[in-house]
Structures are given as C-alpha cells and as structure tokens.
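Results of the structural survey
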Amino acid sequence: MPPPEPPTSPSAAVDRLLVPGPGLDVRFEFSPALLIARLTGRLHGAVQAHLPQTFRHALGRRPQRLLVDASGLVTCDAAGLAVLLDAITPEDLAVPAAISGLSPVYRRMLTLVCADREEPVPVFDRLEEAIRVLLSTPGPAAPDPGELLAEVRALYRAMLTRGAVDQACGVLMMVYRLDADAAAAMLVWHARRAGLSVDEVSNHLLTAVQDLRSEPLTTARADALLAELVYRRPNAQL
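Model, not experiment: these values are computed from the prediction.

Criteria and thresholds
- Here the residue numbering is sequential within each chain, running from 1 through the sequence in written order.
- In view of the model being predicted, local features appear only for residues whose pLDDT reaches at least 70, and side-chain atom pairs are presented and counted only at 80 or more, with totals across whole chains, interfaces and linings using the full set of residues.
- Hydrogens and waters are ignored; side-chain quantities use all the structure's heavy atoms.
- Whether two strands pair comes down to DSSP finding at least two bridges between them.
- Elements are defined by DSSP. Helices are runs of H or I of four residues or more, strands are runs of E of two residues or more, and each kind is numbered from the N terminus.
- Looking down the strands as they point away from you, a crossover is right-handed if its path from the first strand over the helix to the second goes clockwise.
- Think of a salt bridge as a Lys or Arg side-chain nitrogen and an Asp or Glu carboxyl oxygen that are within 4 Å of each other.
- Residue burial is assigned from relative accessible area. The probe radius is 1.4 Å, only protein chains are included, and a residue is buried under 20% of its type maximum, exposed over 50%, and partly exposed in between.
- Orientation is described by lines fitted to C-alpha atoms, with helices fitted over the stretch in contact, and by angles between N-to-C directions that extend from 0 to 180 degrees.
- The labels follow the angle: roughly parallel below 35 degrees, roughly antiparallel above 145, roughly perpendicular from 65 to 115, and oblique for the rest.
- Helix crossings fall into two classes, left-handed where the near helix is turned counterclockwise from the far one by less than a right angle and right-handed where it is turned clockwise.
- Between two residues, a contact is recorded if the distance between any of their heavy atoms is within 4.5 Å.
- Definition of nonpolar core: a set of buried residues of the types Ala, Val, Leu, Ile, Met, Phe, Trp, Tyr and Cys, connected through side-chain atoms within 4.5 Å.
- Under this definition, polar contacts are N or O atom pairs within 3.5 Å; protein pairs additionally need one hydrogen-donor-capable and one acceptor-capable atom, and for neighbouring residues in sequence, both atoms have to be side-chain atoms.

1. Considerations on the pairing of strand 4 (residues 66-76)
Note: strand 3 (residues 34-43) against strand 4, 8 bridges, orientation parallel. In the strand pairing of strand 4, A37 is matched with V68. One crossover worth recording links strand 3 to the parallel strand 4 by way of helix 1 (residues 51-59), and it is right-handed. As judged from the 4 bridges shared by strand 4 and strand 5 (residues 97-100), these two strands associate in the parallel manner. Along strand 5, the bridge assignment pairs L67 with A98. At this point the chain moves from strand 4, through helix 2 (residues 78-88), to the parallel strand 5, and the crossover so formed is right-handed.

2. Description of the pattern of salt bridges
Counted under the stated rule, the structure contains 4 salt bridges. One salt bridge connects R107 with D125, and the closest N-O pair in it is separated by 2.4 Å. Of this pair, R107 sits in helix 3 (residues 104-113) while D125 sits in the loop between strand 6 (123-124) and helix 4 (127-135), placing them 18 residues apart in sequence. Assessed through its relative accessible area of 54%, D125 is described here as exposed. Two residues, E128 and R126, come together in a salt bridge whose shortest N-O distance is 3.7 Å. Through salt bridges with shared partners, a single network forms among E29, R38 and D69.

3. Regarding the packing of helix 1 against helix 2
Running from amino to carboxyl end, helix 1 crosses helix 2 at an angle of 25°, the nearest separation of the two axes being 8 Å. By the criterion of interaxial angle, the relationship of helix 1 to helix 2 is roughly parallel. Seen along the crossing, helix 1 lies across helix 2 with a hand that is right-handed. Between helix 1 and helix 2, the residues in contact are L51, P52, F55 and L59 and V83, L84, A87 and I88, respectively.

4. What about the nonpolar core?
With 33 residues, the main nonpolar core has L43, L51, F55, L84, I88 and I99 as its most contacted residues. Broken down by secondary-structure element, the contributors of at least two residues to this core are strand 2 (24-31), strand 3, helix 1, strand 4, helix 2, strand 5 and helix 3. Looking at which element gives the most residues to this core, the answer is helix 2, with 6 residues. Not counting residues up to four positions away in its chain, the partners in contact with I88 are F55, L59, L66, V68, A97, I99 and V121.

5. Re helix 2
Listed in full, the buried residues belonging to helix 2 are G80, L81, V83, L84, L85, A87 and I88. Contact partners of the buried residues in helix 2: strand 3, helix 1, strand 4, strand 5 and helix 3. Of the residues flanking the start of helix 2, the one acting as N-cap is D77, its side-chain oxygen 3.3 Å from the backbone nitrogen of A79.

Scope: geometric values only; no functional claims are made or implied.
Now the structure itself:
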C-alpha cells in the first residue's frame, strides 16, 4: 500500500506564509485534518523571540493535528529543541503533534530535552510514516457551539466600543486564540502583503465581519476574508 498523502480538499487552505527568524524559516501547509510545518535553517535558542508566536498563529486556525518536518534543518541545539517543543504543545491550543526528519544526533538530543515531560512528542524518521500515524490519531473534540456563540457576542460588544485597529485586533484574538501582540503582528503582516495601511486592513476586516450579521466568524471564514484581501488586491506584494 502506498504511503498516504497529506489530506487536501478543494476547500482546504494552504498557507505559504514564510516566517523568517534568526536563521530559521518556517513554511506552513494547512488543511483542517493536518497542519505541516517545514523548518529550514538553524534551530537555536534565539528562536525564542519568533517561534512560539509563529506556531501560536498557525495553531489558532485550529487544525486537528500538527506535524513538524525538521528534515530541512542545517543545525540545532538543545535550547532550540526546547523552544520548539514548547511552541508546538501550548496548553490552550493542544493538538496531537509529532516531529519527523531529525538526524540521529538530534533525536538523541531531543530525548534528553524530553526527559522531564510527561508525554514526549513522538519522533519519526520519515514524513510519510509520521503522516500515517498522526492521521490515525483522534484529533481534539469540536468546540462547544454555546461557547462559540458567547465568543461571537463578546466580539460584537468589543467592536462597538473600540477603535478600528483595536477592534480588528480583537477579532483576530478571538478567532485565532492569539494574545494582543500576536494579533497586532498578524494585522501588520497582512497589511504589508496587501500593500495597504493597517487602518485600511482593519476597516476592510470589520466591514466583512459586520456583513456576516448573525453568522459566527469561524477560522475558515476569517482565513477566506484575509486571503481575499491579500491575494486579490492589485497592489499586493506577492
């Protein structure tokens, strides 16, 4: 039987956002069933300033599982591996996670880093094997509809009392489970990609949210709104 391919569908979003850190790039490939993060470069302790927020943004889209492909790493150290483990297993956004592609030396290093953890992250030699095992692992339970409705109402109340940029940040915080700094950074990134000001992006997002009226703003809808803003503008920086 051939190895399974990462799950895709016509409606699945593929996020090709390239996030530069201190010598490290992360490329995300998203589908609801599986988020794959491909690391390229050097994974050192200095990524603490970039990596946790990068993964928090990606996990805010609520994938059911997470796989880190580390085959593109040139080098790494124990501090970098510790930051990576914390980044891919946040308590409030926890999903089944695994790592593939680490060299034997780095796998031994990871074993030492995981020594004090109650549930070590599984590590695989090959990407295909990791995908097969992860897809056979149950994902997290679906969010409670009542909680989602309460969040939408809280989001609407916040929009009535805050400025456009603050309102837009509040939208992103609520939908993607981000803190204020991560939401602001996400807003700035989309503004830069679209070639617009942060105010323009904020107003566009708020208008789109208001047009939804009573419908909940899901992560899928937010993804679509932001993608339309970034990739369909004639002055977008692609």
